[in-house]
Amino acid sequence: MTVSTLPAPQQRTRTKPVVPLSRWAAYLLLLLGGLLTLAPFFFMFVFATHDRSDIFQLPPPVWFGDHLQENYRNLLERTPFWRNLWNSLYLAVMTTGTTLFFCTLGGFGFAMYEFKGRDTLFGLLIATMLIPGTLNLVPYALIMQALGWIDTPRALWVPGMASAFGIFLMRQYIGTAIPRELIEAARIDGATEFGIFRRIILPLCGPAMATLGLVTFVQSWNSFLLPLIIFRSDTTSTAPLALRSLQGIANTDWGALMCGVALTVIPLLVLFAIASRQLIEGLTSGALKG
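Thresholds, definitions, all that
Residues numbered from 1 in each chain as written. Predicted model: local features only at pLDDT ≥ 70, side-chain atom pairs only at ≥ 80, totals over all residues. Heavy atoms only, no water. UniProt positions renumbered as here; feature names shortened; annotations may be inferred. Phe/Tyr/Trp six-rings, centres within 6.5 Å; stacked < 30°, edge-to-face > 60°. Buried < 20%, exposed > 50% of the residue type's maximum accessible area, 1.4 Å probe, protein only. Lys NZ or Arg CZ within 6 Å of the ring centre and 35° of its normal. Helix = DSSP H or I, 4+ residues; strand = E, 2+ residues; numbered from the N terminus. Salt bridge = Lys/Arg side-chain N within 4 Å of Asp/Glu carboxyl O. Contact = heavy atoms within 4.5 Å. 1 Å grid on protein atoms, 1.4 Å probe; cavity = no way out; pocket = protein on both sides within 12 Å on 5 of 7 lines; lining within 4 Å. Points joined across faces, edges and corners; volume = space filled by probe spheres on them. Nonpolar A, V, L, I, M, F, W, Y, C, P; charged D, E, K, R; others polar. Arc of directions from axis to C-beta. Axes fitted to C-alpha atoms, helices over the stretch in contact; angles between N-to-C directions. Parallel < 35°, antiparallel > 145°, perpendicular 65-115°, else oblique. Left-handed = near helix turned anticlockwise from the far one by under 90°.

Labelled according to an unreviewed UniProt entry, the protein appears under the name Carbohydrate ABC transporter permease, originating from Deinococcus hohokamensis. Per UniProt, the protein carries the Sequence similarities (unreviewed entry) text "Belongs to the binding-protein-dependent transport system permease family." For the record of the protein, the UniProt heading Subcellular location (unreviewed entry) holds the text "Cell membrane".

Below you can see the structure in the form of structure tokens.
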């Protein structure tokens, strides 16, 4: 009696996917680009912990030192830094909040309403973006002087409540991302125009508003020229003006300056880490439409 033996099943060998050499080169290039981008931030925090003699030695320090407390003390002795930082935060929040509301409202009007002269008015609005901002400095200062707003925060955030760039951005987003049928359906249901704006437009414009809000906040936070014209005292100045006051012709406390710069940049880094996803979604939403 013969016993037939069945052949053993062949084991499948799993092959690892081979990554092309071009992809590894792209990864390496992205890694180098990321390191070059992060290098200024890293050395900014490193220099904030060193004194002036260490910062300017060759080669410069590449790791943290032990002069952070001294630099911080010198920063507070020479400037009311935390008061200036609060002024910058107040201006940035007020500018961002009012810009988001009025620019979204203006973009909604240009995108969803048909009225005489709409395209002409929108073209004139876009044309204002071609005017250099420095040409408006003298008229701007004279108007603020006539209103009695010199050395007051509202002189900065009230004129910038509705920017041409913000209205253009929101108009393009609303016109492409929100169908008119949705607006018409809300009108048939009895919704008011402002109710449509509040209940439909604002919730659907999250990515674009996050993009505009982040750009506006950073621009207001880093603004230097307009606060230099408006503010006349140390207590009403912003953080960039306070940091500029640390620089002298003959002597500059670079350790205290780097400490102040590091403290000023931290809120921006936190904000970008929170809103980076919405920023990318808002910038790429138009490119994903067929």
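J.: Looking at this model, I keep getting lost on the packing of aromatic side chains. Mind explaining?
T.: What characterises a pair of aromatic rings is the spacing of the ring centres plus the angle enclosed by the ring planes. Applying the stated criterion across every chain yields a total of 17 aromatic pairs. Both rings, one in Phe 110 and one in Phe 115, keep their centres 6.2 Å apart while their planes meet at 45°; by these two values the pair is tilted. Of the residues examined, Phe 110 reaches a relative accessible area of 11% and is grouped as buried. A residue is classified by how much of its surface remains accessible, and Phe 115, at 38% relative accessible area, is partly exposed. Among the aromatic residues, ring-to-ring pairing joins Phe 101, Phe 102, Phe 108, Tyr 113, Phe 194 and Phe 197 into one connected group. Note that Arg 171 overlies the ring of Phe 122, its terminal NZ or CZ placed 4.4 Å from the centroid. Geometry around Tyr 113 places Arg 187 over its ring, the cationic atom sitting 5.4 Å from the centre.

J.: Looking at this structure, I do not really get the UniProt feature "transmembrane region" (unreviewed entry) in the protein. What am I missing?
T.: UniProt feature "transmembrane region" (unreviewed entry): in the numbering of this structure it lies at residues 24–48, 89–113, 120–143, 155–175, 196–218 and 254–275. With 96% helix and 0% strand, residues 89–113 has end C-alpha atoms that lie 35 Å from one another. Span residues 196–218 is 96% helix and 0% strand, its end C-alpha atoms 30 Å apart.

J.: Just to check I follow, could you spell out the pattern of salt bridges for this structure?
T.: Pairs can form between side chains of opposite charge once their charged atoms are near each other. If you walk through the whole model with that rule in mind, you get 5 salt bridges. In this structure, Arg 118 and Glu 114 form a salt bridge, with 3.6 Å as the shortest nitrogen-oxygen distance. What makes Arg 118 buried here is its relative accessible area of 12%. Between Glu 193 and Arg 187 there is a salt bridge; the shortest N-O distance is 3.2 Å. By relative accessible area, Arg 187 is classed as partly exposed at 26%.

J.: Would you mind showing me how to read the side chain of Thr 264 here?
T.: Along the polypeptide, Thr 264 turns up in helix 14 (residues 254–284). With a relative accessible area of 8%, Thr 264 lands in the buried category. Once residues within four sequence positions are removed from consideration, Thr 264 is found in contact with Phe 81, Leu 85, Trp 221, Ala 239 and Leu 243.

J.: Hey, could you run me through the layout of surface pockets in this one?
T.: Any empty space left between the atoms is revealed when a probe the size of a water molecule rolls over them. Put simply, the largest pocket is a space of about 1200 Å³. Lining the largest pocket are 33 residues; nearest its centre among them are Pro 159, Gly 160, Ser 163, Gln 219 and Leu 226. Of all the secondary-structure elements, those providing two or more residues to the lining of the largest pocket are helix 4 (81–112), helix 6 (137–147), helix 7 (154–157), helix 8 (164–177), helix 11 (206–221) and helix 12 (225–230). When residues in the lining of the largest pocket are grouped by element, the largest group, 6 residues, is from helix 11. Residues of the lining of the largest pocket, tallied by class, amount to 20 nonpolar, 13 polar and no charged. In this structure, the second largest pocket occupies an estimated 190 Å³ of space. Every residue along the wall of the second largest pocket is listed here: Phe 41, Leu 214, Val 218, Val 265, Leu 268, Leu 269 and Phe 272. A per-element tally of the lining of the second largest pocket places helix 14 first, with 4 residues.

J.: What am I meant to see in the environment of Trp 149 here?
T.: Inspection of the secondary structure puts Trp 149 in the loop between helix 6 and helix 7. Look at Trp 149 and you get buried, because its relative accessible area is 19%. Sequence-wise, Trp 149 and Phe 231 are 82 residues apart; in three dimensions their C-alpha atoms are separated by 9.7 Å. Once residues lying within four places of it in the same chain are set aside, the contact partners of Trp 149 are Met 144, Arg 154, Ala 155, Val 158 and Ile 230.

J.: Any chance you could explain helix 3 (residues 68–78) here in plain terms?
T.: Helical periodicity: at 3.6 residues per turn, an α-helix aligns residues three or four positions apart in one direction. Those residues of helix 3 lying buried are Asn 71, Asn 74 and Leu 75. End-on, the buried residues of helix 3 take up no more than an arc of 105°, which puts them together on one face. For helix 3, exposure combined with an orientation more than 90 degrees from the buried face picks out Gln 69 and Glu 77.

J.: Just checking my understanding: could you explain the packing of helix 5 (residues 118–127) against helix 8 for this structure?
T.: In a packed pair of helices, the relevant descriptors are the angle between the two axes and the axis-to-axis distance. With their axes 9 Å apart at the nearest point, helix 5 and helix 8 run at an angle of 130° to one another. Considered as vectors, helix 5 and helix 8 are oriented oblique to each other. In this structure, the crossing between helix 5 and helix 8 has a hand that is left-handed. Across the interface between the two elements, Phe 122, Leu 125 and Ile 126 from helix 5 touch Ala 164, Ile 167, Phe 168, Arg 171 and Gln 172 from helix 8. Classifying every residue of the contact of helix 5 with helix 8 by side-chain character gives 6 nonpolar, 1 polar and 1 charged.

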